[in-house]
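# An overview of the molecular structure
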Amino acid sequence: MFLSILFLISQIVFGWILIDFFDRERRFSVFERILSIIIIGCTASGFLVLGLALLFKSLILSIAIYITLNIAFFIYFQKWKMLNIKFSIKNIFARKNLWLILLLLILAIYWALIFFVVLFESPEGTLKAYISGWGDLAVHLDMIQRMAASQPFIIDNPIMAGTHLPYPFLINFLSAVFLKLESNLLLAFRLPLLLYGTSALLLLFAIALRILKSKGFAVLALFLILFGSGWGFVTFL
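To keep things clear, this report deals only with the structure shown in the data block. Model, not experiment: these values are computed from the prediction.

Below, the discussion takes up the overall build of the protein. Summing up its helical and strand segments, the protein has 9 helices and 2 strands in all. Counting helices and strands in the order they occur from the N terminus, the protein gives α-α-α-α-α-β-β-α-α-α-α. Looking at the protein as a whole, 42% of its 237 residues are labelled buried. Looking at the protein as shown, the accessible area adds up to about 13,600 Å², and 73% of this sits on carbon and sulfur atoms.

Shown next, in the form of structure tokens:
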């Protein structure tokens, strides 16, 4: 579990380095930067670790190399004073930002309800899903476990060994990394979904706010994104 936390922190630091490098003029707000750090950090680190794993045929070695490179990048950019934090915890929790913090809490509760309904651990210790679970949930879990256990590391179809995997698997690969670093399968499955889902929705809200210039209309836009397809999910909560 400790190693998983360390990797998650390294992803955030990597995103912080990238955002700070490409947004030197600080054109984004504090919350836009934080959300972008999470999304870009998770995505960029995922591709980097994946490339290293395919190159060296070892997932654990690729993670070690990635963390080493991450530390080196951090020290290098600190040396040139490119990582200047211009906000504080006090500023984040300023009154003008409380509405966004409340929105974040609402989204966190929303995702938590979905996760605990979609997939949960039974008293016997096995993973089970309600009827609202994704139809291909078992395949996702197979991908995660296959990539985490693969040695030498390869990407193939978990159902038909030795065949090509025609599926966008990056988020499952990130779950495989967490699983490899001693997280349990349930946490490894949920964590990337929670990070991406919450950050992406809040970033969509921030984009809507920039375009529409109204918090009310931005909330309405986010509401339509979340519930535009109907309220049928309420039946399964």
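Let us keep going from here.
Contact geometry for helix H1 (residues 2-22) and helix H2 (residues 30-56): axes closest at 7 Å, N-to-C directions at 110 degrees. Between H1 and H2, the crossing angle belongs to the class labelled roughly perpendicular. As H1 runs across H2, the sense of the crossing is right-handed. Along the contact surface, H1 presents Phe7, Gln11, Ile12, Phe14, Gly15, Trp16, Leu18, Ile19 and Asp20, while H2 presents Arg33, Ser36, Ile37, Ile40, Gly41, Cys42, Ala44, Ser45, Leu48 and Val49.

This part is about the pattern of salt bridges. Counted by the stated rule, this structure contains 6 salt bridges. Notably, a salt bridge pairs Arg27 with Asp23, separated by 3.6 Å at the nearest N-O pair. By relative accessible area, Asp23 is classed as buried at 2%. Between Arg146 and Asp156 there is a salt bridge, and its shortest N-O distance comes to 2.9 Å. Of the two residues, Arg146 is situated in helix H6 (residues 137-149) and Asp156 in the loop between H6 and helix H7 (170-180); the sequence distance between them amounts to 10 residues.

Definitions and cut-offs
- Residues numbered from 1 in each chain as written.
- Predicted model: local features only at pLDDT ≥ 70, side-chain atom pairs only at ≥ 80, totals over all residues.
- Heavy atoms only, no water.
- Helix = DSSP H or I, 4+ residues; strand = E, 2+ residues; numbered from the N terminus.
- Buried < 20%, exposed > 50% of the residue type's maximum accessible area, 1.4 Å probe, protein only.
- Areas by Shrake-Rupley, 256 points an atom, 1.4 Å probe, with all protein chains shown as cover.
- Axes fitted to C-alpha atoms, helices over the stretch in contact; angles between N-to-C directions.
- Parallel < 35°, antiparallel > 145°, perpendicular 65-115°, else oblique.
- Left-handed = near helix turned anticlockwise from the far one by under 90°.
- Contact = heavy atoms within 4.5 Å.
- Salt bridge = Lys/Arg side-chain N within 4 Å of Asp/Glu carboxyl O.

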